[in-house]
Number of protein chains: 2
Amino acid sequence: MDTAKLIGLVAGFLTTVAFVPQVIKTWRSKSARDLSLVMFLLFCTGVFLWMIYGIMINELPVILWNIITLLLALIILLFKIRFKD
Amino acid sequence: MDTAKLIGLVAGFLTTVAFVPQVIKTWRSKSARDLSLVMFLLFCTGVFLWMIYGIMINELPVILWNIITLLLALIILLFKIRFKD
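Here the structure is a predicted model, which is why all the values come from computation and not from measurement. As a convention, each chain's residues are numbered from 1 in the sequence order in which they are written. Chains carry letters from A onward and ligands carry numbers from 1 onward, assigned in written order. Only residues with pLDDT of at least 70 are given local features in this predicted model, and only at 80 or more are side-chain atom pairs given and counted; all residues enter the totals for whole chains, interfaces and linings. Here the side-chain values reflect all heavy atoms present in the structure, with hydrogen atoms and water set aside.

1. Looking at helix α3 (residues 37-56) of chain B
The periodicity of an α-helix, 3.6 residues per turn, causes residues three or four places apart in sequence to face the same way. Residues and elements named next belong to chain B. Cut-off, in case you're wondering: Secondary structure follows DSSP: runs of H or I at least 4 residues long count as helices, runs of E at least 2 residues long count as strands, and numbering of each begins at the N terminus. A helix is expected to span 1.5 Å for every residue after the first. Note on classification: 1.4 Å probe, protein chains only; a residue is buried when its accessible area is under 20% of the maximum for its type, exposed when over 50%, partly exposed between these limits.
When the terminal C-alpha atoms of α3 are compared, their 29 Å separation across 20 residues agrees well with the 28 Å that a helix rising 1.5 Å per residue should span. Among the residues of α3, Met 39, Phe 40, Phe 43, Cys 44, Gly 46, Val 47, Leu 49, Met 51 and Gly 54 are the ones counted as buried. Where α3 terminates, the next one or two residues include Asn 58, which has phi positive at roughly 60°.

2. Considerations on the interface of chain A and chain B
Condition: Any two residues whose heavy atoms approach within 4.5 Å are treated as being in contact. Accessible area that two parts lose when put together, evaluated with a 1.4 Å probe and summed over both, is termed the buried area. Salt bridges are identified by distance alone: a Lys or Arg side-chain nitrogen within 4 Å of an Asp or Glu carboxyl oxygen. In protein, a polar contact means a hydrogen-donor-capable atom and an acceptor-capable atom, both N or O and within 3.5 Å, with residues adjacent in sequence counting only if both atoms are side-chain atoms; elsewhere, any N or O pair within 3.5 Å suffices.
With 36 residues of chain A at the contact, the number on the chain B side is 36 residues. When chain A packs against chain B, the two sides together hide about 3100 Å² of surface, and 76% of this comes from carbon and sulfur. On the chain A side of the contact with chain B, Leu14(A), Asp34(A) and Met39(A) bury the most area, a combined 19% of that side's loss. Across the contact surface, chain A and chain B share zero salt bridges. There are 15 residue pairs in polar contact (both at pLDDT 80 or more) connecting chain A and chain B. Residue contributions to the side of chain A that touches chain B peak at twelve residues, all from helix α3 (residues 37-56) of chain A.

3. Quick word on helix α1 (residues 3-17) of chain A
Its 15 residues place the ends of α1(A) 21 Å apart at the C-alpha level, agreeing with the 21 Å of an ideal helix rising 1.5 Å per residue. Buried within α1(A) we find Ala4(A), Ile7(A), Gly8(A), Ala11(A), Gly12(A), Leu14(A), Thr15(A) and Thr16(A). Summarising the contacts, the buried residues of α1(A) are in contact with α2 (19-29) and α4 (60-82) of chain A together with α3 of chain B. Of the residues flanking the start of α1(A), the one acting as N-cap is Asp2(A), its side-chain oxygen 3.3 Å from the backbone nitrogen of Ala4(A).

4. Things to note about the relation of the copies chain A and chain B
To keep things clear, this is the line we draw: In this comparison the copies share one frame, found by least squares on the C-alpha atoms of residues holding pLDDT of at least 70 in both.
Mapping chain A onto chain B calls for a rotation angle of 180° and an axial translation of 0.0 Å; the resulting RMSD is 0.0 Å. When the rotation and shift are considered jointly, the pair of chain copies conforms to a two-fold rotation axis. For chain A, the residue whose C-alpha comes nearest the rotation axis is Asp34(A), separated from it by 2.6 Å. Both copies contact each other with a shared surface, as 100% of the interface residues of chain A are interface residues in chain B too.

What follows is the structure, encoded as structure tokens:
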């Protein structure tokens, strides 16, 4: 594996797992007041389109990273809607 | 431009501009209690690596989207550190 591919892999891993601590924090605190609803609406839509893009260009890493990121971002979006300010 | 490229462009635009409403919200409220510090630390590191990846594979869209996303995510990270709980 070349260096660029390895860096891309680590980058994808980090920008995906980054959402895990936010899910845990919001679940524990049951507070999502400071999170922007518009941010997570736009972000989920964008990640969904990245997944579609990955399917169209047939790139499994793009598909997989974005499915996981979408799930995590959707959980945060649901928390934001559920845990009213 | 083919459909996949167009979808990739819209996806990149959405996952980047998504951070703008969060920057505005946090700036206005001066409150970042519900944002996860670890999320933004991991996310900024990941986006920085995406930018390096873009430079290595010489893909201008990857470089540009990630520079803008990195700036926005760094602003939120600074807000998180500055606006103490």
